Protein chains: 2
Amino acid sequence: MSEIRNTSRSGPRPGGRSLRVQEAVHAAVVALIEEFGREGLTVPQVAARAGVTPSTIYRRWSDIATLISDVAQRNLRTDCPLKPCGRLSDDLPAWAEMYQDEMDSTPGRAMVRDVLRGWDGMQKACPLLDAVRPSIALICDASSEPVNFDVEAVIDAVVAPLLTRMIFTDAPLASTLARDAAVAFVEQHLSNASGPGRGQQSVPRK
Amino acid sequence: MSEIRNTSRSGPRPGGRSLRVQEAVHAAVVALIEEFGREGLTVPQVAARAGVTPSTIYRRWSDIATLISDVAQRNLRTDCPLKPCGRLSDDLPAWAEMYQDEMDSTPGRAMVRDVLRGWDGMQKACPLLDAVRPSIALICDASSEPVNFDVEAVIDAVVAPLLTRMIFTDAPLASTLARDAAVAFVEQHLSNASGPGRGQQSVPRK
DNA sequence: CTCCCTAACGCAAAATATTTGCTTTAATCG
DNA sequence: CGATTAAAGCAAATATTTTGCGTTAGGGAG
């Protein structure tokens, strides 16, 4: 009788009960991790704490790793109390140091691990960098000098070595690793303001 | 009666039955992944295929993720048929390109994902870099010119951006990403043979 | 505002997976 | 060649995940 309705929506419903369930589950995960650690955390446990049936969790997230990764991603919000002073040679190293301190800590590493576990390797990337781009951009925008490089170049020079070392190195990281990289990077890019040493990196990507 | 014997050994027994079981299990994982993919691979499945009881697998590896990660690590052996010609400006970019092709492929990404899943975030690092250091060192050793940088510097400049982009970026990678980075790196380090642009990186670490 | 439609939840049974205690096997060492 | 013991097998006990179906409550359409 009725016309063909355009009912093509996807994903969970944005509000109402679904939202309440999601919040309860997320809160339960956070609480249980704080209380018992994430080792041996199970779906039925989370369900019980959240006042929800296990099957609900299984249907929405499909396993505990995905759920934990999801929670970790919500908490990515780097509430970065950044006060750029306008001098890149101060701001970027300061930020780099703060970033390393944040990431290379027990909760930081746990977060990275959790996010990584939800990665399928192909489809959707781990969203870790999404949280750093705004901070770097903020610093660049605040610079009083002209900026002849890309946010992505900073990621390659500062963030990439840090993350790579964190994940793929046994020995504890030098505490100034990121800061030093930032200092070197700024130095190199201020010395010759019109042509940076590394070819394609001054051309904005993406 | 007997003296206090120094029976402090650890880890699984190196040979005999234990070894046979490990080999059978690893082979079963490889076969099953090839046959059905790794999604939904279960311990009982692997056990059945390997002709082993599930409890054996549970006791040795503790879950399927650890087992798969273990298998992935065994296959890390980059049988890299590298023929350095002695010119860094040729060898390093060529290797970088090959490395990217290998890593940024379906099996390569799956391998990275698998290895990453076994990472606990703290104790033992993902052993991915262990496979690349020898290759880089080989290239450096073969160089006819004096080398004024570190293997670790190459990792920071070439490998780190590649891995970081693979894991943390949605868009497909530029196929020349690693090669370009290698070209830039060599260029920078050959132009001023006595003092590279980036401070601490010419000092061997570790 | 009310009524429908349906996505998402709850419940409980069934199917699987995991843990555990005990027994058996076979490497390794004296 | 035994004795010792780490590791494997077996099976029962638990715990988990899956699944089918009835129920609830958002979110339009009228």
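Residues numbered from 1 in each chain as written. Chains lettered and ligands numbered in written order. Predicted model: local features only at pLDDT ≥ 70, side-chain atom pairs only at ≥ 80, totals over all residues. Heavy atoms only, no water.

A.B. asks: Would you take a moment to explain the overall build of chain A for this structure?
C.D. replies: In terms of regular secondary structure, chain A is built from nine helices and zero strands. Among the 206 residues that make up chain A, the fraction classed as buried is 45%. Counting only contacts in chain A whose residues sit at least 6 apart along the sequence, the fraction spanning at least 24 positions is 64%. Surface accessibility of chain A: about 11000 Å² in total, with carbon and sulfur atoms responsible for 53%. (Helix = DSSP H or I, 4+ residues; strand = E, 2+ residues; numbered from the N terminus. Buried < 20%, exposed > 50% of the residue type's maximum accessible area, 1.4 Å probe, protein only. Contact = heavy atoms within 4.5 Å. Areas by Shrake-Rupley, 256 points an atom, 1.4 Å probe, with all protein chains shown as cover.)

A.B. asks: When you look at the UniProt feature "DNA-binding region" (unreviewed entry) in chain A in this model, what are you seeing that I'm missing?
C.D. replies: UniProt's entry tags residues 42-61 of chain A with the feature "DNA-binding region" (unreviewed entry), counted in the numbering of this structure. Helix and strand shares over residues 42-61 of chain A are 75% and 0% respectively, and the end C-alpha atoms of the span are 13 Å apart. (UniProt positions renumbered as here; feature names shortened; annotations may be inferred.)

A.B. asks: Honestly, the relation of the copies chain A and chain B in this entry has me stumped. Any pointers?
C.D. replies: The transform that puts chain A on chain B rotates by 180° and translates by 0.0 Å along the axis, for an RMSD of 0.1 Å. Within this description, the copies of the chain are treated as partners about a two-fold rotation axis. Taken as a fraction of all interface residues of chain A, those also at the interface in chain B reach 100%, which identifies the copy contact as same-surface. (Least-squares fit on C-alpha atoms with pLDDT ≥ 70 in both.)

A.B. asks: What am I meant to see in helix α1 (residues 16-36) of chain B here?
C.D. replies: It helps to recall that an α-helix has 3.6 residues per turn; residues three or four apart then point in one direction. Residues and elements named next belong to chain B. Here α1 is 21 residues long and its end C-alpha atoms lie 30 Å apart, about the 30 Å a rise of 1.5 Å per residue gives. Buried within α1 are the following residues: Val21, Gln22, Val25, His26, Ala28, Val29, Leu32 and Ile33. With its buried residues spanning 155° around the axis, α1 presents them on a single face. Looking at α1, the residues exposed on the side facing more than 90 degrees away from the buried face are Arg20 and Glu34. At its buried positions, α1 is contacted by α2 (43-50), α3 (54-60) and α4 (64-74). A positive phi of about 80° marks Gly37, the residue just after α1. (Expected span 1.5 Å × (residues − 1). Arc of directions from axis to C-beta.)

A.B. asks: What should I look at first to understand the pattern of salt bridges in this one?
C.D. replies: Where charged atoms from two side chains of opposite charge approach closely, those side chains can pair. Enumeration over the complete set of coordinates arrives at 24 salt bridges over all chains. Here Arg165(A) makes a salt bridge to Glu152(B), at a shortest N to O gap of 2.6 Å. Taken as a pair, Arg165(A) in helix α8 (residues 151-168) and Glu152(B) in helix α8 (residues 151-168) lie in two separate chains rather than in one. The exposure class assigned to Glu152(B) is buried, which follows from its relative accessible area of 9%. Note that Asp170(A) is salt-bridged to Lys124(B), the shortest N-O span being 2.9 Å. (Salt bridge = Lys/Arg side-chain N within 4 Å of Asp/Glu carboxyl O.)

A.B. asks: I'm lost on the interface of chain A and chain B in this one. Help?
C.D. replies: A common way to state how big an interface is: give the accessible area lost once the parts meet. Contact residues are listed per partner, giving 41 residues for chain A and 41 residues for chain B. At the boundary of chain A with chain B, the tally comes to six salt bridges. With a closest N to O distance of 3.0 Å, Asp156(B) and Arg165(A) form a salt bridge. Summed over the shared surface of chain A and chain B, the result is 15 residue pairs in polar contact (both at pLDDT 80 or more). (Polar contact = N/O pair within 3.5 Å; in protein donor to acceptor, adjacent residues only side chain to side chain.)

A.B. asks: Honestly, helix α4 (residues 64-74) of chain A in this entry has me stumped. Any pointers?
C.D. replies: All buried positions along α4(A) are accounted for by Leu67(A), Ile68(A), Ser69(A), Val71(A) and Ala72(A). Where α4(A) is buried, its residues touch α1 (16-36), α2 (43-50), α3 (54-60) and α6 (106-117) of chain A.

A.B. asks: Looking at this structure, I do not really get the packing of aromatic side chains. What am I missing?
C.D. replies: One pair of aromatic rings is described through two measures. These are the centre distance and the angle between the planes. All names here are of chain A. If you walk through the whole model with that rule in mind, you get four aromatic pairs over all chains. Taking the centre distance of 5.1 Å and the plane angle of 15° together, the rings of Trp95 and Tyr99 count as stacked. Here Trp95 and its partner Tyr99 are both found in helix α5 (residues 88-103), four residues apart, which amounts to about one turn of the helix. Under the relative-accessibility criterion, Trp95 is labelled buried at 2%. (Phe/Tyr/Trp six-rings, centres within 6.5 Å; stacked < 30°, edge-to-face > 60°.)

A.B. asks: Would you explain the environment of Val159(B) in this entry?
C.D. replies: Residue and element names in this part refer to chain B. Here Val159 shows up in helix α8. Since its relative accessible area comes to 0%, Val159 is described here as buried. Sequence separation of Val159 and Tyr99 is 60 residues, and the distance between their C-alpha atoms is 8.7 Å. Setting aside chain neighbours within four positions, we find Val159 in contact with Trp95, Tyr99, Leu129, Val132 and Val154.

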